[in-house]
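Okay, here's what each chain looks like letter by letter:
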Amino acid sequence: MNEFQLIDRFFAREDNPDSVKVGIGDDGAVLATNNGRDLVVVTDTMVEGVHFVCGQPASALGHKILSVNLSDVAAMGAEPDWVTLNLVLPEVNSNWLEEFAQGFFELADRYSVVLVGGDTTHGPLSVTATVGGWVPHGEALCRSKAKVGDHLYVSGALGHAALGLSLLSEKRISINDQHNCFLRRLLWPEPRISLGSLLRPLASAAIDISDGLIADLEHITLASGDLGALIHESMIPIEPGFEEFCSHSAILTMALTGGDDYELCFSVDSKQTGAVVRLSRHLNLPLTLIGHVDSRPGVRVIDAQGKYRQINSPGYLHHW
Ligand code: ADP
Ligand code: MG
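None of the values given here were measured: they were computed from a predicted structure. (Residues numbered from 1 in each chain as written. Chains lettered and ligands numbered in written order. Predicted model: local features only at pLDDT ≥ 70, side-chain atom pairs only at ≥ 80, totals over all residues. Heavy atoms only, no water.)

Draft legend 1. Summary view of the site of ligand 1. Taken together, Phe-4, Ile-7, Phe-11, Ile-24, Gly-25, Asp-26, Asp-27, Asp-44, Asp-72, Arg-143 and Ser-210 make up the full set of residues adjacent to ligand 1. Here Gly-25 contributes a backbone N or O atom positioned 2.8 Å from an oxygen atom of ligand 1. Look at ligand 1: alone it shows 560 Å² of surface, and the protein chains cover 67% of it. The residue makeup of the shell around ligand 1, split by class, is four nonpolar, two polar and five charged. (Near = heavy atom within 4 Å. Polar contact = N/O pair within 3.5 Å; in protein donor to acceptor, adjacent residues only side chain to side chain. Areas by Shrake-Rupley, 256 points an atom, 1.4 Å probe, with all protein chains shown as cover. Nonpolar A, V, L, I, M, F, W, Y, C, P; charged D, E, K, R; others polar.)

Next comes the structure, spelled out in structure tokens:
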């Protein structure tokens, strides 16, 4: 059984009260309030040996547990406000905790996110954060509103974090190799908060890429009514620098199916192309057209010769 089958079978329920605008199934829940804004709530857990390797710098872990949550907030088009932090710790190591807190608060302070609570227990190392943020009433970006013909974009460049992880697991770099840009992308992802909120009037749907572009894009197409998408391999944004470590074909596979990029993938009405170009310039962040939404279910990738690429595994999936 995989994570989504498990959630569907045991936890998804038929009806939500009216106050729940978006429940299970998006990057975050959207809850109505009476102050003119909707509250967006997201949560994510990281477990040692599953989401991060033993011996990872504590400051990077403190940064990343907040960053992956802020990435979900960004995908909802929200501005973050508060966070709770749950720690499961095998031991008390003051240096480790100081470094963890430093990484966490450096990012929290940058976005004025206030730590308002949490829980601390003894057990195998894992960390969970829950973040609350705000959007103007009715303006949250959801996965479910992409339309046939919409253009699909991604921010930044893809595949770097997956390459960092692969170099680490092949022992071609060490966890302390601070100058390796791929490892930095894996350990210190930057949430696209400004992009998310500026996409509110522009994008029809958005998601953050945590499990792999194809797997996450499939969440958009499915949630939008069993639609599909056609992606052009040659348009996938890949930055130079990988050549020292792997082939173009390998980095492309990582860009399409590797996790941990924390870029945003979003759909936009095709008439809005100019607005996306202006937004990209304004943020000084590449926003790359990669394909479009169509009515044939599934995400297909086409190469420069017009042939469909065989996708063996669209992304990361927890299963039991
Ligand atoms: P993301 O990758 O954006 O963090 P996930 O893939 O982890 O999202 O989760 C998919 C959806 O399922 C989200 O809406 C999440 O809130 C929900 N979800 C995950 N686990 C549970 C659970 N145990 N109970 C209820 N909802 C859950
Ligand atoms: Mg997400």
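Draft legend 2. Main features of the coordination of the magnesium ion (ligand 2). Only Asp-27 (OD), Asp-72 (OD) and Asp-208 (OD) from the protein coordinate the magnesium ion (ligand 2), and they sit 2.0 Å from it. Sequence spacing among the residues donating to the magnesium ion (ligand 2) works out to D-x44-D-x135-D. You can see Asp-27 sitting in the loop between β1 (20-22) and β2 (29-32) and its partner Asp-72 sitting in helix α2 (residues 58-75), a full 45 residues away along the chain. Relative accessible area serves as the criterion here: at 7%, Asp-27 is assigned to the buried category. Judged by its relative accessible area of 7%, Asp-72 falls in the buried class. (Donors = N, O, S within 2.8 Å, 3.2 Å for Na, K, Ca; no water. Helix = DSSP H or I, 4+ residues; strand = E, 2+ residues; numbered from the N terminus. Buried < 20%, exposed > 50% of the residue type's maximum accessible area, 1.4 Å probe, protein only.)

Draft legend 3. Helix α7 (residues 213-223), seen in detail. Among the 11 residues in α7, eight count as buried, and that is most of the element. Looking one or two places after α7, you find Gly-225, whose phi comes out positive at around 105°.

Draft legend 4. Structural detail: the domain arrangement of the chain. Domain annotation of the chain identifies domain 1 (3-136) and domain 2 (151-302). Tallying the contact residues gives 26 residues for domain 1 and 21 residues for domain 2. Counting across the domain 1 and domain 2 interface gives three salt bridges. Where Lys-64 meets Asp-260, a salt bridge forms, and the shortest distance between an N and an O atom there is 3.0 Å. The tally of links between domain 1 and domain 2 comes to nine residue pairs in polar contact (both at pLDDT 80 or more). When contributions to the side of domain 1 that touches domain 2 are tallied by element, the ones reaching two or more residues are α2, β4 (79-89), α3 (94-110) and β6 (126-136). Residue contributions to the side of domain 1 that touches domain 2 peak at 12 residues, all from α2. In the side of domain 1 that touches domain 2, the residues fall into 14 nonpolar, seven polar and five charged. (Domains from an automatic or database assignment. Contact = heavy atoms within 4.5 Å. Salt bridge = Lys/Arg side-chain N within 4 Å of Asp/Glu carboxyl O.)

Draft legend 5. Highlighting the packing of aromatic side chains. Tallied over the full model, the rule gives five aromatic pairs. Taking 6.5 Å as the distance between ring centres and 15° as the angle between the ring planes, the aromatic pair formed by Phe-100 and Phe-104 counts as stacked. Residue Phe-100 and its partner Phe-104 are located together in helix α3, separated by four residues, close to a single helical turn. Overall, Phe-100 belongs to the buried group, its relative accessible area being 2%. (Phe/Tyr/Trp six-rings, centres within 6.5 Å; stacked < 30°, edge-to-face > 60°.)

Draft legend 6. The pattern of salt bridges, seen in detail. In total, this model carries 13 salt bridges according to the counting rule given. With a shortest N-O distance of 3.2 Å, Glu-263 and Arg-185 are connected by a salt bridge. Of this pair, Glu-263 sits in the loop between α8 (248-257) and β10 (264-268) while Arg-185 sits in helix α5 (residues 181-187), placing them 78 residues apart in sequence. On the accessibility criterion, Glu-263 (1% relative accessible area) is buried. One connected set of salt bridges, linked through shared partners, spans Asp-26, Asp-27 and Arg-143.

Draft legend 7. Structural detail: the sheet that holds strand β9 (residues 228-232). Read from one edge of the open sheet, six strands run β8-β10-β7-β11-β9-β12, paired in mixed fashion. Of all strands in the sheet, those bounded by a partner on one side alone are β8 (203-208) and β12 (298-302). The average undirected angle you get between the axes of adjacent strands in this sheet is 25°. Looking at chain direction, β9 and β12 are connected through five bridges and run parallel. Note that in β12 the partner of Ile-231 across the bridge is Val-301. (Pairing = 2+ DSSP bridges. Axes fitted to C-alpha atoms, helices over the stretch in contact; angles between N-to-C directions.)

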